[in-house]
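Per-entry structural report
Now for the letters of each chain:
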Amino acid sequence: MRNNFIFIILFMLGLYALIMKTNLIKNVIGLNIMEASIFFWVIAFSDVGGEVAIHKMGEEFSKFNDPVPQALTLTGIVIGASTAALLLTLIIELNQFTDTIDRDEIEGLNN
Amino acid sequence: MHKYLKKTLVISVFILTAIALYENFLLVPEYTGLRTGVSDYIISSGLSDTGSLNLITAVLYDYRAFDSLGESTVIFGAVSGIVLILSRKMLPVSSRGLSFIVKRTFGLVTPFIALFSLYVITHGHLSPGGGFQGGVILAVISIIFSIVYGSAFDYRRYSPQVKTAMETMGAFTFLGLGVVGILMEGFFLKNLGFLTARTGTLISAGSIPYVNFGVGIKVGAGLAIIFYSMIQKTFKEDF
């Protein structure tokens, strides 16, 4: 039902962007990729081969996937969007003061 | 030498993390054995409990409504922080807008985008969608206004005060329904049973459509405020 390697590859891709890239916006993108890999894993993990948990009018109860992880993932997506917006705001403000968004070029931070 | 040391360190961290993730994924059992208790209860009796066809909406706004309240508080906190960091006084003119053809075409398309977002918000308990998703579509209107007509247009037509009032109204709708739940049903944010109508109609499922509406307005206004705050500072040199 699930292939773990895809989530590991996505997670490592995000971790690579977070650690190795010096552009701060790329770091935020890496953080979001890591987040997305976890969400994909939660959704794929709770998939038991059923349908989305939405009743259809005039049809009988059928085999559903678990709605709770999907609702929790929705919560996580919203919070991830909020944190990404706040991080990008801080990067904009940093750019106003230092004229760079590269974390190696900011004075006082390298070595 | 220093560089090679750093590289080796990073690669070993990557390999160790990957191995740890793989081992932990192997330890996780199959899901079929886990979905007992809460999940089975929600799947079997969620429709009769809440009247919502969409069980995910039922989880979000009935069983775990307090969680959704905290979620919208997180959005409120993010909006407050962004506006605080990027606050400014002057009227922003970040872009002059696109050509006449684009402006006319977008004028024709705008009502349909608004209609679609209202559809997604109000049908959250019947079909896929809901407050958060529809609110994002609502915020898209404000973003395209800024791009197509120039950000001064967006400022004059929908000033930040209006957006702030809309966001506050959405939050108060949510909280007010929670307080009404205390008064009528005995618990904070309990679904209002006396509002329930025939299952499957637009106004059914107790207070879920109203909560959805409040959350949709709140998310739309909040994301519009975020975008608006960001674009002002970015293009300051265009004055």
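For chain B, the name recorded in an unreviewed UniProt entry is Sodium:proton antiporter, with Halanaerobium polyolivorans as its organism. In the Subcellular location (unreviewed entry) part of its UniProt record, chain B is described as follows: "Cell membrane".

For chain A, an unreviewed UniProt entry supplies the name Cation:proton antiporter subunit C and the organism Halanaerobium polyolivorans. What UniProt records for chain A under Sequence similarities (unreviewed entry) is the sentence "Belongs to the CPA3 antiporters (TC 2.A.63) subunit C family."

**Observations regarding the overall build of chain A**
Across its full length, chain A holds 3 helices and 0 strands. Ordered by position from the N terminus, the helices and strands of chain A form the series α-α-α. Its C-alpha atoms give chain A a radius of gyration of 19 Å, clearly above 13 Å, the size a compact globule of 111 residues would have. Across its three principal directions, the C-alpha atoms of chain A cover 65 × 30 × 15 Å. Counting the 111 residues in chain A, one finds 24% classified as buried. Within chain A, contacts between residues separated by at least 24 positions form 45% of all contacts whose residues are at least 6 apart in sequence.

**Comments concerning the interface of chain B and chain A**
Taken together, the contact pairs 39 residues of chain B with 32 residues of chain A. Mapped onto the side of chain B that touches chain A, the elements with two or more residues apiece are α1 (2-27), α2 (38-50), α3 (55-63), α4 (65-85) and α9 (208-234) of chain B. Examining the composition of the side of chain B that touches chain A, we find that 8 residues originate from one element, α4 of chain B, more than from any other. For the side of chain B that touches chain A, the class distribution of residues is 26 nonpolar, 8 polar and 5 charged.

**What about the confidence of the model for chain B?**
All names here are of chain B. Averaged over chain B, the pLDDT score is 81; the fraction of residues at 70 or greater is 89%. When mean pLDDT is taken per element in chain B, helix α5 (residues 100-122) scores highest with 90 and helix α7 (residues 151-157) scores lowest with 70. Considering only residues more than four positions removed or in separate chains, one finds that residues 235-239, a stretch of pLDDT under 50, has 5 contacts. With pTM at 0.82, the complex prediction returns an ipTM value of 0.80.

**Some points on the nonpolar core**
Grouped together as the largest cluster of nonpolar side chains are 52 residues, with contacts concentrated most on L55, V59 and V211 of chain B. For this core, the secondary-structure elements that each account for two or more residues are α3 (67-98) of chain A together with α2, α3, α4, α5, α6 (131-148), α8 (160-185) and α9 of chain B. No other element matches the 13 residues that α9 of chain B contributes to this core. If sequence neighbours within four positions are ignored, L55 of chain B has contacts with A53, I54 and P67 of chain A together with I42, I43 and G46 of chain B.

**So, unusual backbone geometry**
Within the chain, D99 of chain A stands out as a residue other than glycine whose phi angle is a positive 60°. Inspection of the secondary structure assignment puts D99 of chain A in the segment after α3.

**Points about the packing of helix α1 (residues 4-20) of chain A against α1 of chain B**
Packing of α1 of chain A against α1 of chain B brings their axes to within 10 Å, and their N-to-C directions diverge by 150°. Taken together, the axes of α1 of chain A and α1 of chain B are roughly antiparallel relative to one another. When you trace α1 of chain A past α1 of chain B, the crossing you get is right-handed. Contacts from N4, I8, F11, M12, L15, I19 and M20 of chain A in α1 of chain A reach V10, F14, T17, A18, L21, Y22 and F25 of chain B in α1 of chain B. A per-class count over the contact of α1 of chain A with α1 of chain B returns 12 nonpolar, 2 polar and no charged.

**Structural notes on the confidence of the model for chain A**
Residue-level pLDDT values for chain A average 83, and 90% of them are 70 or greater. For chain A, per-element mean pLDDT is lowest for α3 of chain A, which scores 87, and highest for helix α2 (residues 24-45) of chain A, which scores 90.

**Examining the UniProt feature "transmembrane region" (unreviewed entry) in chain A**
Residues and elements named next belong to chain A. Mapped onto this numbering, the UniProt entry gives "transmembrane region" (unreviewed entry) at residues 6-24, 36-54 and 74-94. Between the first and last C-alpha atoms of residues 6-24 the distance is 25 Å; the span itself is 84% helix and 0% strand. From the first C-alpha to the last, residues 74-94 spans 30 Å; its make-up is 100% helix and 0% strand.

**Looking at the UniProt feature "transmembrane region" (unreviewed entry) in chain B**
All names here are of chain B. Mapped onto this numbering, the UniProt entry annotates "transmembrane region" (unreviewed entry) at residues 69-86, 106-126, 132-150, 171-189 and 209-231. What you have in residues 69-86 is 94% helix and 0% strand, and the ends, taken at the C-alpha atoms, are 26 Å apart. Along residues 132-150 one finds 89% helix and 0% strand; the C-alpha atoms at either end are 26 Å apart.

**Description of α6 of chain B**
All names here are of chain B. An ideal rise of 1.5 Å per residue puts 26 Å on 18 residues; α6 measures up with 26 Å between its terminal C-alpha atoms. For α6, the complete set of buried residues consists of G131, F132, G134, G135, I137, L138, A139, I141, F145, S146 and V148. In the segment just after α6, G150 is the residue with positive phi, at about 90°.

**Topic: the environment of V109 of chain B**
Structurally, V109 of chain B is set in helix α5. Taking the C-alpha atoms as reference points, V109 of chain B and L84 of chain B, 25 residues apart in sequence, are found 33 Å from one another.

**Describing the environment of G130 of chain B**
All names here are of chain B. If you trace the backbone, G130 turns up in the loop between α5 and α6. Here G130 falls in the buried class, since 28 other C-beta atoms lie within 10 Å of it. For the pair G130 and L177, spaced 47 residues apart in the sequence, the C-alpha separation amounts to 17 Å. Residue contacts for G130: discarding those within four places in its chain leaves T57, L60, G124 and N212.

Conventions we followed
- Residues numbered from 1 in each chain as written.
- Chains lettered and ligands numbered in written order.
- Predicted model: local features only at pLDDT ≥ 70, side-chain atom pairs only at ≥ 80, totals over all residues.
- UniProt positions renumbered as here; feature names shortened; annotations may be inferred.
- Helix = DSSP H or I, 4+ residues; strand = E, 2+ residues; numbered from the N terminus.
- Rg over C-alpha atoms; globule rule 2.2 N^0.38 Å.
- Buried ≥ 20, exposed ≤ 12 C-beta atoms within 10 Å, placed from the backbone.
- Contact = placed C-beta atoms within 7 Å.
- Nonpolar A, V, L, I, M, F, W, Y, C, P; charged D, E, K, R; others polar.
- pLDDT = per-residue confidence, 0-100.
- Core = buried A, V, L, I, M, F, W, Y, C linked by C-beta atoms within 7 Å.
- Axes fitted to C-alpha atoms, helices over the stretch in contact; angles between N-to-C directions.
- Parallel < 35°, antiparallel > 145°, perpendicular 65-115°, else oblique.
- Left-handed = near helix turned anticlockwise from the far one by under 90°.
- Expected span 1.5 Å × (residues − 1).

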